[in-house]
Amino acid sequence: QVQVVESGGGLVQAGGSLRLSCAASGRTFSSYAMGWFRQAPGKEREFVAAISRSGGNTYYADAVKGRVTISRDNAKNTVYLQMNSLKPEDTAVYYCAADRILRQTTVVFEAFEYDYWGQGTQVTVSS
């Protein structure tokens, strides 16, 4: 079992940058594929980015591709989401999720696949 806690959210102007962090508990972090999702007010939760256990494979939603980079540091039990060129439509609560998975190269982008979720961190982009 793993617990994940997000941090790094805040208020930023359009065009600005933020780096979200997701710290995981436990000694088996490298056994988990990780993902970021977001939920804006009145909207369903949507996929943002995912990274494989090894960090070698990543996958992005079209809405953020080219502006967002997901990475992980297995030695620090942390996954990051670097967001650049932020837009007001990026405003949402951002959630980190973990999925225990066998293959090191698999990325997971379906929310229902993930077993563990954080409480979320608010990102607000002003115009």
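Whatever comes next refers back to the structure up there.
Everything numeric here is computed off the predicted structure, so don't read it as measured data. (Residues numbered from 1 in each chain as written. Predicted model: local features only at pLDDT ≥ 70, side-chain atom pairs only at ≥ 80, totals over all residues. Heavy atoms only, no water.)

Thoughts on the side chain of Ser-31
Phase 1 of the analysis: Counting through the fold element by element, Ser-31 comes out in the loop between strand E3 (18-24) and strand E4 (32-39).
Phase 2 of the analysis: Excluding anything up to four places from it in sequence, Ser-31 contacts Arg-53, Asp-99, Arg-100 and Ile-101. (Helix = DSSP H or I, 4+ residues; strand = E, 2+ residues; numbered from the N terminus. Contact = heavy atoms within 4.5 Å.)

Comments concerning the sheet that holds strand E1 (residues 4-7)
Phase 1 of the analysis: Overall, antiparallel pairing links the four strands, which are arranged E1-E3-E8-E7 in an open sheet. Pairing within the sheet leaves two strands with one partner each, and these edge strands are E1 and strand E7 (68-73). Ignoring which end each strand starts from, the neighbouring axes of this sheet average 15 degrees apart.
Phase 2 of the analysis: Inspection of the sheet shows E3 paired to strand E8 (residues 78-83) by six bridges, in the antiparallel sense. The residue of E8 that forms the bridge with Leu-18 is Met-83. (Pairing = 2+ DSSP bridges. Axes fitted to C-alpha atoms, helices over the stretch in contact; angles between N-to-C directions.)

Quick notes on the pattern of salt bridges
Phase 1 of the analysis: Per the counting criterion, the structure on display carries four salt bridges.
Phase 2 of the analysis: Among the ionic pairs, Arg-38 bridges to Glu-46, the shortest N-O distance being 2.5 Å.
Phase 3 of the analysis: In this structure, a network of salt bridges that share partners links the residues Arg-38, Glu-46, Arg-67 and Asp-90. (Salt bridge = Lys/Arg side-chain N within 4 Å of Asp/Glu carboxyl O.)

Thoughts on the nonpolar core
Phase 1 of the analysis: Core analysis: the largest hydrophobic core is formed by 38 residues, its most contacted members being Met-34, Trp-36, Val-79, Leu-81, Met-83 and Tyr-94.
Phase 2 of the analysis: Elements with a contribution of two residues or more to this core: E3, E4, strand E5 (46-51), E7, E8, strand E9 (92-100) and strand E11 (121-126). (Core = buried A, V, L, I, M, F, W, Y, C linked by side-chain atoms within 4.5 Å. Buried < 20%, exposed > 50% of the residue type's maximum accessible area, 1.4 Å probe, protein only.)

What about the environment of Asn-77?
Phase 1 of the analysis: The topology assignment puts Asn-77 in the loop between E7 and E8.
Phase 2 of the analysis: Note on Asn-77: relative accessible area 16%, which makes it buried.
Phase 3 of the analysis: Separated by 52 residues in the primary sequence, Asn-77 and Ser-25 have C-alpha atoms spaced 7.1 Å apart.
Phase 4 of the analysis: Contacts of Asn-77, omitting those with residues within four sequence positions, involve Cys-22, Ala-23, Ala-24, Ser-25, Gly-26 and Phe-29.

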